[in-house]
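One-letter residues, chain by chain:
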Amino acid sequence: MSRYKLIALDMDGTLLTEDKKVSEENKAALRAARDAGITVIFSTGRGVQNVLPYVEELHMTESPLVVVNGGEVYRKPGMLVERHTLTTDQVTRLHELALQHDTWYWAYSVGDIYNKDRWAEPQELDALQWLKFGYYTDNNSSLAAIREELLSWGTLELSNSHPNNLELNPKGIHKASGIRKVCELLGLQMSEVIAMGDSLNDVAMIREAGLGVAMGNAQDEVKALADVVTLTNEEHGVAHIIRKYALI
């Protein structure tokens, strides 16, 4: 029997191809892992509303979920276990910083997503529960300046899901904290986890998992920290790892 009991998968750039599909090879590997008694979960920066179509497609309706970079953990879809939110003051300051640098920005609230094209009215801000804020710009100097400013606050978890973006969660909330909660629910240890990802928001779980896997298309910093580098998301890298390390 495999020493690994849980497989935690990032979605974009990892399980999904560039056109946001799950390859048949990856689907077959996920089925084989579940048939072998291994729990397979998503651990993603996406909000739950952007994950559920894949949950249905892959028949993962009884599996835990870690979404918005650990901001929410579900025992299974519809069964929330914990939620960690940004304060209204933090979101207001993050929004002001986006306007100052003229970047694209977005933010997940519970049940909705806002962005530069559709932002919340001032009277709405307090009523909403904010889960994550993000910036995107191809202006490297602006991105560096935003990052430096945010680090100086000392109250946020900084990561990215692409070299040109920044993603912010409450301090100490990341994919690894979410997976730790899932392990607690399932009676598992982090040493029994395989975690796969491609970006900085995957670093925490890759570091803490028993087997931390970087995709072949991962950012260099992620590859440097991983135990193993697999094939790219276009080459069914997830299936390769499952066959080699989980189904043994």
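Residues numbered from 1 in each chain as written. Predicted model: local features only at pLDDT ≥ 70, side-chain atom pairs only at ≥ 80, totals over all residues. Heavy atoms only, no water.

Some remarks on the side chain of N165
To be explicit about the condition: Numbering of helices and strands runs from the N terminus, with a helix taken as a DSSP run of H or I at least four residues long and a strand as a DSSP run of E at least two residues long. Accessible area is worked out with a 1.4 Å probe on protein chains only. A residue is then buried under 20% of its type maximum, exposed over 50%, and partly exposed in between. Polar contacts here mean pairs of N or O atoms no more than 3.5 Å apart (in protein, one a potential hydrogen donor and the other a potential acceptor; neighbouring residues in sequence count only if both atoms are side-chain atoms). Only heavy atoms enter the contact rule, under which two residues are in contact if any of them lie within 4.5 Å.
The residue N165 is located in strand β10 (residues 165-170) in this model. Among the residues examined, N165 registers a relative accessible area of 5% and is labelled buried. Of the polar contacts made by the side chain of N165, one reaches the side chain of S161; its length is 2.8 Å. Each residue touching N165, except ones within four places of it in the same chain, is listed here: W106, Y135, Y136, L143, S159 and N160.

Here's the deal with the sheet that holds strand β7 (residues 112-115)
Our working definition: At least two DSSP bridges between two strands are needed for those strands to be called paired. In this analysis an axis means a line fitted to C-alpha atoms, helices contributing only their contacting stretch, and an angle means the value between N-to-C directions, from 0 to 180 degrees.
One open sheet accounts for five strands, arranged β7-β6-β8-β10-β9; its pairing is antiparallel. Edge strands, defined here as strands with exactly one partner in the open sheet, are β7 and β9 (156-159). Averaged over all adjacent pairs, the angle separating strand axes in this sheet is 20°, with direction ignored. Alignment of strand β6 (residues 104-109) against strand β8 (residues 130-136), held across six bridges, turns out to be antiparallel. Note that in β8 the partner of W104 across the bridge is Y136. Relative to the sheet, helix α4 (residues 88-101) contacts β6, β8, β9 and β10, its axis offset from that of β8 by approximately 10°. The sheet contacts of helix α5 (residues 140-153) involve β8, β9 and β10, and relative to β10 the element is tilted by about 15°.

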